[in-house]
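Here's the letter readout for the chains.
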Amino acid sequence: MQKDFISIADLSGDQIRGLIDRAIADKARFRSGKLPASLSGRTLAMIFEKPSLRTRVSFEVAMTHLGGHAIYLAPADIGMGSREPVIDVARVLGRMCDGVMARTFAHETVRQLALYSPVPVINALSDLLHPCQAMADLMTAQEHFETLDGKTLLFVGDGNNVARSLAVACAKVGMKFILACPDGYQLSEDFVASVRNEGAPDCCTITSDAKSAAAQSNILYTDTWVSMGQEDEKQQRIRDFENFKIDSELLAAAPDDAIVMHCLPAYRDLEITDDIFEAHAETIMNEAENRLHFQRTLLHTLIAGGGIG
Ligand code: CP
Ligand code: NVA
């Protein structure tokens, strides 16, 4: 049993598929009013070192749907690592709460929380990974295509936290992941090698030719060029990524039934043009909504179910 949800690399393909199938089934049960309040009287502590709209709201609403409660802890409130060490935060929260969700800069911080916490810890984005996002994304793709098998996801942009989590998730469920990015923003060779170990040798590739990659892709995905914490590099990144955006020219190179995805927040006319965003807003908003549905199933599995089996 997996106590925590820190990285998709910790899960098997069957566990990923199982969680996605369960989240899709729970979404239908929720909509028909038949999802039990399995976390009644339980509390989730939510630690945020960075801003958030979707993650904060979706976790808090998910706890409400399950009959539980969530507490928002802002960086200034708890001073994790400054007012007191991570190990003490983990142990104290473990004495009072039933689960912890953390959005951190250093990936090591969320890892340490999981190590010292007696209760489940969920990675709600670190500089390295964004596993909840990738799971909600694959859930959205599965709802759309009915299967993930053999599908190709093209990530146009930075080899960042979202890209890493998607790359691993795709490999584990039999999809292909392509990153189209400028020089200097690729995923590391070690990381790519570790992803290829999880799937077919061609399950993870990197290119600077976004158009050719689009021609063989079912999903065109993008994220901001400037992740939280990289604000000082904004002007340089805007120059570097100019030719790596989702626009009508790139979409024209893709198959007619390709879908466009974005984890949000989106910066119009930088990584995605306004017209393409609006034309695909329905899928993008389904993707945002699925953060709620996936995480509600994850919270139930970890807190009421005792872990990911
Ligand atoms: N996609 C996502 O994690 O959004 P927030 O940063 O608003 O939580
Ligand atoms: N890569 C982005 C994702 C935001 C949800 C960031 O880390 O800021």
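Note that the structure is predicted; figures quoted are calculated from it, not measured.

Asks: So what's going on with the sheet that holds strand 9 (residues 259–262)? Which residues, and what values?
Replies: Reading across from one edge, 7-6-5-8-9 is the order of the five strands in this open sheet, with parallel pairing throughout. Each end of this open sheet is capped by a strand with a single partner; those strands are strand 7 (204–207) and strand 9. Averaged over all adjacent pairs, the angle separating strand axes in this sheet is 20°, with direction ignored. Pairing of strand 5 (residues 152–156) with strand 6 (residues 176–180) involves five bridges; the strand directions are parallel. Paired with Phe-155 across the bridge in strand 6 is Leu-179.

Asks: Tell me about the site of ligand 1, and name the residues and values.
Replies: Lining the immediate environment of ligand 1, one finds Ser-52, Leu-53, Arg-54, Thr-55, Arg-103, His-130, Gln-133, Cys-263, Leu-264 and Arg-291. Separating an oxygen atom of ligand 1 from a side-chain N or O atom of Arg-103 is a distance of 2.8 Å. A distance of 2.9 Å separates an oxygen atom of ligand 1 from a polar atom in the side chain of His-130. Relative to its unbound accessible area of 260 Å², ligand 1 is 95% covered by the protein chains. Looking at the shell around ligand 1 residue by residue, the class counts come to three nonpolar, four polar and three charged.

Asks: Break down the site of ligand 2 for me, with residues and values.
Replies: Taken together, Leu-125, His-130, Asn-160, Asn-161, Val-162, Asp-223, Thr-224, Ser-227, Met-228 and Leu-264 make up the full set of residues near ligand 2. Backbone polar atom of Met-228 to an oxygen atom of ligand 2: 2.8 Å apart, as the coordinates give it. Calculation on ligand 2 without its partners gives an accessible area of 270 Å², and the protein chains cover 94% of this total.

Asks: Requested: an account of the pattern of salt bridges, with residues and values cited.
Replies: Tallied over the entire structure, the rule returns 17 salt bridges. Salt-bridge contacts for Glu-143 lead to Lys-27; the nearest nitrogen and oxygen are separated by 2.9 Å. In this pair, Glu-143 sits in helix 6 (residues 131–145) while Lys-27 sits in helix 1 (residues 13–31), placing the two residues 116 residues apart along the sequence. Beyond isolated ion pairs, a larger network of salt bridges with shared partners links Asp-158, Glu-233 and Arg-237.

Asks: Can you explain the sheet that holds strand 1 (residues 43–48)? Please cite residues and give values.
Replies: Within the open sheet, the four strands sit side by side as 2-1-3-4. Their pairing is parallel. The open sheet terminates on both sides in strands that have one partner only, identified here as strand 2 (69–73) and strand 4 (121–123). Across the sheet, the mean angle from the axis of one strand to that of its neighbour is 20°, orientation sign disregarded. As paired elements, strand 1 and strand 2 share five bridges and run parallel to each other. From the neighbouring strand, Met-46 faces strand 2, where its bridge partner is Tyr-72. Sheet strands touched by helix 5 (residues 107–116): strand 1, strand 3 (99–103) and strand 4. Its angle to strand 4, the strand with the most contacts, is close to 165°.

Asks: So what's going on with the nonpolar core? Which residues, and what values?
Replies: Core analysis: the biggest nonpolar cluster contains 88 residues, and Phe-5, Phe-177 and Leu-299 have the highest contact counts within it. Apart from residues lying up to four places away in sequence, Leu-299 is in contact with Leu-39, Leu-44, Phe-59, Ala-62, Met-63, Leu-66, Ile-122 and Ala-304. Within the second largest apolar cluster, 18 residues are counted, among which are Val-89, Cys-97, Val-119 and Val-121.

Asks: Requested: an account of the environment of Ala-253, with residues and values cited.
Replies: With respect to the helices, strands and loops of the structure, Ala-253 is situated in helix 11 (residues 248–253). Exposure remark for Ala-253: the relative accessible area of 25% places this residue in the partly exposed category. Residues Ala-253 and Asp-183, spaced 70 residues apart in sequence, show a C-alpha to C-alpha distance of 22 Å. Ignoring sequence-local partners within four residues, the contact set of Ala-253 consists of Lys-211, Ala-214 and Ala-215.

Cut-offs applied
- Residues numbered from 1 in each chain as written.
- Chains lettered and ligands numbered in written order.
- Predicted model: local features only at pLDDT ≥ 70, side-chain atom pairs only at ≥ 80, totals over all residues.
- Heavy atoms only, no water.
- Pairing = 2+ DSSP bridges.
- Helix = DSSP H or I, 4+ residues; strand = E, 2+ residues; numbered from the N terminus.
- Axes fitted to C-alpha atoms, helices over the stretch in contact; angles between N-to-C directions.
- Near = heavy atom within 4 Å.
- Polar contact = N/O pair within 3.5 Å; in protein donor to acceptor, adjacent residues only side chain to side chain.
- Areas by Shrake-Rupley, 256 points an atom, 1.4 Å probe, with all protein chains shown as cover.
- Nonpolar A, V, L, I, M, F, W, Y, C, P; charged D, E, K, R; others polar.
- Salt bridge = Lys/Arg side-chain N within 4 Å of Asp/Glu carboxyl O.
- Contact = heavy atoms within 4.5 Å.
- Core = buried A, V, L, I, M, F, W, Y, C linked by side-chain atoms within 4.5 Å.
- Buried < 20%, exposed > 50% of the residue type's maximum accessible area, 1.4 Å probe, protein only.

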